[in-house]
2 protein chains.
Amino acid sequence: MVERSSMSQDEKKKKNGDDMKEVLDGLKAEIGKMQRQAFEKGLPVVIIFEGWDTYGMPEKVNRFIRAIDPRGYRLHFTNKPNEYEKDMPFIWPYFVRMPVKGSIAVFDRSWYFRLVDDYYDTEKRSEFEDRMNDARMLEEQHAAEGWVFVKLFLDLGKKELRRRVEKEEKKGVCNSDEVLEGDYADDYDDVQPIWKEVMQATSSQYAPWHIINDEDEDRVMEQVFRTVLDSVRPYLENRGVMPVCQKNGRKGKKSGLEGIDLNRSLDQKDYRKELEDLQDRLKGLQCILKEKERSVVLVFEGWDAAGKGGTIIRLTQELNPRGYRVAPIGAPNDWEKRHHYLWRFYKTMPRIGEMTIFDRSWYGRVLVERVEGFATSDQWCRAYSEINQMEKMMGKAGAITIKFWLEIDEATQLQRFQEREKDPDKQWKISEDDWRNRSRRADYLPAVEEMLERTDTEDAPWVIVPGNDKYYGRVAILKAVVERLEDELD
Amino acid sequence: MVERSSMSQDEKKKKNGDDMKEVLDGLKAEIGKMQRQAFEKGLPVVIIFEGWDTYGMPEKVNRFIRAIDPRGYRLHFTNKPNEYEKDMPFIWPYFVRMPVKGSIAVFDRSWYFRLVDDYYDTEKRSEFEDRMNDARMLEEQHAAEGWVFVKLFLDLGKKELRRRVEKEEKKGVCNSDEVLEGDYADDYDDVQPIWKEVMQATSSQYAPWHIINDEDEDRVMEQVFRTVLDSVRPYLENRGVMPVCQKNGRKGKKSGLEGIDLNRSLDQKDYRKELEDLQDRLKGLQCILKEKERSVVLVFEGWDAAGKGGTIIRLTQELNPRGYRVAPIGAPNDWEKRHHYLWRFYKTMPRIGEMTIFDRSWYGRVLVERVEGFATSDQWCRAYSEINQMEKMMGKAGAITIKFWLEIDEATQLQRFQEREKDPDKQWKISEDDWRNRSRRADYLPAVEEMLERTDTEDAPWVIVPGNDKYYGRVAILKAVVERLEDELD
C-alpha cells in the first residue's frame, strides 16, 4: 500500500532548469485551483510532511503553503506536547486540529513523528502499538466522514542526509531551529526500520503513505504537488475510497432496560442523610483526583424530564468549581458542524484532576440523530465503535467514565411536563419539541436499547437508573459515582 | 464610585434561617430569569469575584454558578499565566476570554488578582500602573460595545480571615487547592492598601466595584445575587451607562498621501538583486527574533489590486514557516460577530519569536465598516483610540509593528482588474465587489486619510508605499521591514 515515487535517470536528465520552472508554475496553478474546488465542495484535506530531511523540511513546507491561499489553510508544527496535551490521549492534539470542511491542514511533522520519536526513546512496545492504532482510528474516522489524507515521507537517503546536515551545521544553525528535533543523521539505521514498520502498519486504502525519494529540491516539490493533486482529485470527483461500516451482530447481552424496577423510592429523611454523606465523600474524592493523575467523565442521558438537571445540581453542590465543568449538549452550531461530530466532545474532555459532566452527549449520534434522520444509517452504524474508541482512549489517559441512563415511565414524564407548564419559573424548560419527542417514544426505544447494548464497555459502563422517584434516582447516581471513584482512586 | 453593601444590625437579626432560605431561593429564580433575558437580548455579562476570602471563595462561586444555566456561562479561574500567556500583553488572556453576546463569564479571581499579586511581589510601580490602565481599557472598550461588568470584592476583614484560615488548615487542605495563591492572612495590612488603590483607580460609572463585607455565608450570597441583579437590570432595560466617543480634533499632521510620487519604479535586474539580498537578511532576522524576545506584526492595507498578496508572497519566500503566519482578513463570521470586533485580532497576534502578517486588518473598522455603514459613527469614532491602545500594548509585550498602505492610482487599478479578468488563473481574484468598491474611491478617501492621520504612532507607524510599479513597491516594503528589524534587534 505504500507508494514510491521516483523518476528514472532519463526523465531526470530531460528536464533542465527552465523547463522545471514552467512545470512547477503549472502545478502551483493547479494546486490553487484544486484548493478552490475543495473549498466550494466543503472537502477537508490533511497533508502531512514527514521524513529524513531535517534541515530541508521547513523550506519545502514553505514552498508548498505559498502555492495555496492563506485564507484556506492552517499550518501545524509538531514538537513536544505542552502541559495540557500531556494530560490528554496521544491522538487528542491532532484530533482537535483536524481541518474544518473546505479547508486544508498542513502538518510539518505529525503524530507519526511523535510516535516514532517516543518509541525510539522509550522502547515501550505496547504504547507504540496503541498509538499506531490511535493513528489508524483518527484517519479511519475522518476518512469515513469525507476527510482526505495525503501522507508524504521525504527520504533523502542516509548519505545525502549526512552531507546536508554537515553543510548546514557549517553555516551555523538558525536560532529558531533550536527546537528542532529528530535529526537522526547518525541514527538512520536504527530509526528507519521503525518508520518502515509504521508506514506499513498505517497505510490504508483511504490514507496511504507516499515516499518521495529524491535529492533535487525542485523534483521533490514537483512530486509533492503531483501527489497532492492525485490524492485529492478522486474525492473532488466523488470517486475517492472511504471506509464503510461493517456492523457486527449484537452481543447476546441485554440492555437491562426491561427488567428494571421503576418504583423504587426513598423517603425524604433518608434521602437528605444519604445525600449529605455522599456529597461529602465526593468532595474528598475530587481533592485527590490530581494527585492520583485521574480525571472523571460523567455522561447523563435519559428521557426528557427524567431528572438529569436536578441530579447534576446535587452532584456538584459541594464540589470545587475550579475542578468541574457542566457541559450541556444541544444541537451543534455552524462551526461545530464543519468538524467531525466528535470534535466538540474531544475539545471538552477533562484534563487530569478535572471532572466534566455531560448533560446529554455524543450519544445524540445514535439517539436523536439516528431517529430523526440527521445521521445516515452508515454514520450511526459507525458511531458505536467510534464512541467506544474515544472512551477507551480517554480511559488510557486516566479518565474514569460512567454513563447514566435515567429511566422514567410515560406517566411520570407526563406529570412532570404538566408541572413544568404550570410553574412560571419552569415554563422555559418545556417546549413543543419535548411534547413531540414524547409522542415518539416507541421510535426512540430501539435506539436506546441498541446504544445500551453496543456501548456498555468495561472502560465506560452504562448504569441504568430508575428515576420515577427523584430522591431514589439522585442517591443511586451519587452512590454509583462515589463508589466507583473510591474503588479507582484507592 | 466604589459601593459598599452591608446590612444594619437590625436587618441582620430580622432574618432567621428559614426566611433566608426563602429569600435566596427567590433571588436564584430571579437570577435565572435575568440570565434568560440577557440571552434573548444578546447581552454579555462579566462577573468578577475577588477578595479576602481565600478558602470560602470556591464555595461562593459554586453557589453562584449553580443558580445559572450551564448552557449560558463559562467559569474562568485565574492563576499564574501559562507559557503562551507570558508572551502576550498582560490583559490578553482576559480579552480573549470575554463572554460572547448573550452569555456570562464568571471569573474566580481575575486580572485584578494578577496585578495586585504581581505588584506585591515585584513592587514594579510603572508596570502596576500600566496594568491598571490596561484593565480600564479592557472594560471601557467592552462596555462601549454593550458588555456589562459586575466586580465583586468579598472582604471578611482581617480578624475573621485569620480565624477561617486557621480553621481550614486544621482540617487539612484539599489537594486540588495546592495551586491556590493569595492567602494573605498575614499580609492583610500590606496588601489591603494596594487593593484599595486598585479599586479606586478602576471604578468607573460603567464598571464600579462592589465591596461585600459580611461574615455570614448566606448574607454574602444574598448580596452577591442582589448586586448582580441590580447591575445587569439597567442594561436589560436599555438604561445602563456606557462610554461615549469623545473625538479630539485631528492633529495638524497630514496623512502624507497627497505628496506621494506614484511613478517611482525599479528595473527588473535591480529588483531581482535587491529582493534576493533583502530576503536573505530577513531570513537571518527571523532567526534571532526569539532570542531577542520580540515578535513582528505586519499590516497590509491598500486599494484592491494594489499588490498586497504579491508582496506577501515575496516577503515570506525565504522564511521558516514554523515562525510566520499569514492572516487574511475578511468579513467576520457569525462566531466572531458575537465578540468584540478586536477579539479575532487579539487571538491572532504573534507570540514571542513569531511573525503575523495581516492581509487587511482591524483597520476595516475605520475603512469598509465606516464607509458602508456597518459600524455606527460612535463605533468607528472610538476605534482609533481602541486600535492605538491595542498596538501600544502589543509593543510593550515585544511586538515590532509596521503598517503599510499600498497606494496605486485609478488607472493602474483599472489595468490590473482587466488583466485579472482576462487570465483564467486569476479570474477568481476579482468580483463584482471589487468593481463596486472601485467606483466608491471618493467615499473611501477621507476614511483612508483620517486613518493614516489618527493611527500613525511611534509604536506602530504607517508606511505609505507607491505601488504603481510592483517591483518598486515590493522592494520598498521589504526594505522598510528589514531596516526596522535590524534597528530594533540590534
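Provided above is the structure to which this section pertains.
Residues numbered from 1 in each chain as written. Chains lettered and ligands numbered in written order. Predicted model: local features only at pLDDT ≥ 70, side-chain atom pairs only at ≥ 80, totals over all residues. Heavy atoms only, no water.

K.L.:
Please set out the state of the cysteines residue by residue, giving values where relevant.
P.N.:
Residues and elements named next belong to chain B. One pass over the structure, following the stated rule, counts two disulfides over all chains. Bridging Cys-245 to Cys-381, the disulfide has an S-S length of 1.9 Å. Here the S-S torsion is close to -65°, and the disulfide linking Cys-245 with Cys-381 is therefore left-handed. You can see Cys-245 sitting in the loop between helix H10 (217–236) and helix H11 (268–288) and its partner Cys-381 sitting in helix H16 (residues 377–396), a full 136 residues away along the chain. Of the two residues, Cys-245 and Cys-381, neither departs from the other in class, the shared state being buried. (Disulfide = S-S within 2.5 Å. Helix = DSSP H or I, 4+ residues; strand = E, 2+ residues; numbered from the N terminus. Buried < 20%, exposed > 50% of the residue type's maximum accessible area, 1.4 Å probe, protein only.)

K.L.:
Explain the sheet that holds strand S11 (residues 462–466) of chain A residue by residue, including any values.
P.N.:
Residues and elements named next belong to chain A. With parallel pairing, five strands are arranged side by side in an open sheet as S8-S9-S7-S10-S11. Of all strands in the sheet, those bounded by a partner on one side alone are strand S8 (324–328) and S11. In this sheet, adjacent strand axes meet at a mean angle of 20° when their direction is disregarded. Here strand S7 (residues 295–302) runs beside strand S10 (residues 399–407); their pairing, made up of eight bridges, is parallel. The residue bridging Glu-301 from the neighbouring strand is Trp-405, located in S10. (Pairing = 2+ DSSP bridges. Axes fitted to C-alpha atoms, helices over the stretch in contact; angles between N-to-C directions.)

K.L.:
Can you lay out the interface of chain A and chain B for me, pointing to particular residues and giving the numbers?
P.N.:
In this complex, chain A contributes 42 residues to the contact, which on the side of chain B involves 42 residues. Contact between chain A and chain B buries roughly 3,600 Å² in total, counting both sides, with carbon and sulfur atoms accounting for 51%. Area buried by chain A at its contact with chain B is led by Arg-66, Pro-321 and Arg-322 of chain A, which between them contribute 21% of it. For the pair chain A and chain B, the interface holds two salt bridges. (Contact = heavy atoms within 4.5 Å. Buried area = accessible area lost by both parts, 1.4 Å probe. Salt bridge = Lys/Arg side-chain N within 4 Å of Asp/Glu carboxyl O.)

K.L.:
Can you tell me about the pairing of strand S7 (residues 295–302) of chain B, naming the residues and giving the values?
P.N.:
All names here are of chain B. For S7, the buried fraction is high: eight of the eight residues fall into the buried class. By the alternation rule, side chains of S7 split into Ser-295, Val-297, Val-299 and Glu-301 and Val-296, Leu-298, Phe-300 and Gly-302, which are all buried. Pairing between S7 and strand S9 (residues 355–359): five bridges, direction parallel. Bridge pairing in S9 places Val-296 opposite Met-355.

K.L.:
Before we move on, can you summarise the sheet that holds strand S11 (residues 462–466) of chain B with the specific residues and values?
P.N.:
Residue and element names in this part refer to chain B. Pairing within the open sheet is parallel, and its five strands lie in the order S8-S9-S7-S10-S11. This sheet does not close on itself; its edge strands, each paired only once, are strand S8 (324–328) and S11. Taken pair by pair, the neighbouring strands of this sheet meet at an average axis angle of 20°, ignoring direction. Packed onto the sheet, helix H19 (residues 441–454) meets strand S10 (399–407) and S11 and runs at close to 150° relative to S10. The strands touched by helix H20 (residues 470–489) are S7, S10 and S11; relative to S10, the strand with the most contacts, the crossing angle is about 165°.

K.L.:
So what's going on with the side chain of Glu-50 of chain B? Which residues, and what values?
P.N.:
All names here are of chain B. Looking at where Glu-50 falls in the secondary structure, it is placed in strand S2 (residues 45–52). Put simply, Glu-50 is tucked away with no salt bridge, and the nearest opposite charge, on Arg-109, sits 4.3 Å away. Only 3.0 Å separates the side chain of Glu-50 from the backbone nitrogen of Phe-113, close enough to count as a polar contact. If we ignore the near neighbours within four places in the chain, the residues touching Glu-50 are Met-57, Arg-109, Ser-110, Tyr-112, Phe-113, Leu-152, Phe-153, Leu-154, Trp-195 and Trp-209. (Lys, Arg positive; Asp, Glu negative; His and termini not counted. Polar contact = N/O pair within 3.5 Å; in protein donor to acceptor, adjacent residues only side chain to side chain.)

K.L.:
Go over the relation of the copies chain A and chain B, please, and point to the residues and values.
P.N.:
If you rotate chain A by 180° and push it 0.0 Å along the axis, it lands on chain B with an RMSD of 0.0 Å. Taken together, the rotation and translation relating the two chain copies correspond to the operation of a two-fold axis. Across chain A, the rotation axis passes nearest the C-alpha of Trp-335 of chain A, at a separation of 4.0 Å. The overlap is high: 100% of the interface residues of chain A also sit at the interface in chain B, so the same surface is used on both sides. (Least-squares fit on C-alpha atoms with pLDDT ≥ 70 in both.)

K.L.:
I'd like a rundown of the nonpolar core, residues and numbers included.
P.N.:
Ranked by internal contacts, the top residues of the largest apolar core, which has 280 residues, are Phe-64, Trp-111 and Trp-362 of chain A together with Phe-64, Trp-111 and Trp-362 of chain B. Here Trp-362 of chain B is in contact with Val-297, Val-299, Leu-342, Phe-345, Met-349, Ile-387, Met-390 and Glu-391 of chain B, once residues within four sequence places are set aside. (Core = buried A, V, L, I, M, F, W, Y, C linked by side-chain atoms within 4.5 Å.)

K.L.:
For the pattern of salt bridges, give the residues involved together with the corresponding values.
P.N.:
With the rule as written, the count across this model stands at 92 salt bridges over all chains. Between Asp-218 of chain A and Arg-63 of chain A there is a salt bridge, with its nearest N and O atoms 2.8 Å apart. With a gap of 155 residues between them, Asp-218 of chain A in helix H10 (residues 217–236) and Arg-63 of chain A in helix H3 (residues 57–65) connect regions that are remote in the sequence. Across the pair Glu-488 of chain B and Arg-484 of chain B runs a salt bridge whose closest N-O atoms are separated by 3.0 Å. In this pair, Glu-488 of chain B and Arg-484 of chain B both sit in helix H20, four residues apart, roughly one turn of the helix. In this structure, a network of salt bridges that share partners links the residues Asp-53, Lys-60, Glu-160, Arg-163, Arg-164 and Glu-217 of chain A.

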